[in-house]
Amino acid sequence: MTKTVWKVDQVHSEVGFSVKHMMISKAKGTFDKFDAVVEANPEDLTDAKIEVTIDTASINTRNEDRDNHLRSGDFFDSETYPTMVFVASDIKKKSADEYEVNGDLTIKDTTKPITLDVTFEGQSKDPMGGNTVAGFSGKTAINRKEFGLTWNAAVETGGVLVGEEVNINFELELHKQA
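Residues numbered from 1 in each chain as written. Predicted model: local features only at pLDDT ≥ 70, side-chain atom pairs only at ≥ 80, totals over all residues. Heavy atoms only, no water.

Participant: I'd like a rundown of the pairing of strand β9 (residues 110-125), residues and numbers included.
Facilitator: Of the pairings in the sheet, the one linking strand β8 (residues 98-107) to β9 comprises ten bridges and is antiparallel in character. Within the sheet, the bridge partner assigned to Asn-102 lies in β9 and is Thr-115. Bridge count for β9 against strand β10 (residues 132-143) is eight bridges, and the pairing is antiparallel. Across the sheet, residue Thr-119 finds its bridge partner in β10, namely Ser-137. Linking β9 back to β10 in an antiparallel pair, the connection comprises six residues, with Gly-130 at a positive phi of about 85°. (Pairing = 2+ DSSP bridges. Helix = DSSP H or I, 4+ residues; strand = E, 2+ residues; numbered from the N terminus.)

Below you can see the structure in the form of structure tokens.
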């Protein structure tokens, strides 16, 4: 099967994250605006071209004050750095539907290699429009400080307000393009 261009269905896709909050719980959120350029055979991603762009200002933790703080210079500085980008560089098949996707993540002016664990969830024909649709899920974890997201505050019981490790997870529905 040859490589095909796929487009993200924003309605049926999500990019989310969680990070330790006050050393005792997790703060969670999503990025509501993102897109991907995917050229692939969904049944064998090993030679796929994948580039994901996320709008940093679209961060949504269901708390406007926190979202505004995350958009500020203390974190993403969304006005100066409106996007973060992941570009895949090497993809290894681990099993029939599991992949290790290596690539570069750029947040602000910092680019670091990361590895995504990706699962091909399958493909189907959309009964409403007849288009072929493929599903993928995945996850990774990054150290936010390595990307210049260093703001923090001490909590009186010891520790800090925001953990360093950020867990990233995603569910993507991609539609085959003509």
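That covers the picture; the talk isn't over yet.
Participant: Can you break down the pairing of strand β4 (residues 34-41) residue by residue, with the values?
Facilitator: Strand direction decides the pairing type here: strand β1 (residues 4-8) and β4, joined by three bridges, are antiparallel. Paired with Val-5 across the bridge in β4 is Glu-39. With seven bridges joining them, β4 and strand β5 (residues 44-55) adopt antiparallel strand pairing. By the bridge assignment for β5, Glu-39 is matched with Lys-49. What sits between β4 and β5 in their antiparallel hairpin is a turn of two residues.

Participant: How would you summarise the pattern of salt bridges if you had to cite specific residues and measurements?
Facilitator: A pair can form between side chains of opposite charge whenever their charged atoms are brought close. Scanning the model with the defined rule gives five salt bridges in all. A salt bridge links Lys-7 to Asp-35, with the nearest nitrogen and oxygen atoms 2.9 Å apart. Of the two residues, Lys-7 sits in strand β1 while Asp-35 sits in strand β4, which places them 28 residues apart along the sequence. Taking relative accessible area as the criterion, Lys-7 reaches 38% and is therefore assigned partly exposed. For Asp-35, a relative accessible area of 30% translates into the label partly exposed. Where Lys-92 meets Asp-90, a salt bridge forms, and the shortest distance between an N and an O atom there is 2.5 Å. Overall, the relative accessible area of 42% leaves Lys-92 in the partly exposed class. Judged by relative accessible area, Asp-90 falls into the partly exposed class, the value being 33%. (Salt bridge = Lys/Arg side-chain N within 4 Å of Asp/Glu carboxyl O. Buried < 20%, exposed > 50% of the residue type's maximum accessible area, 1.4 Å probe, protein only.)

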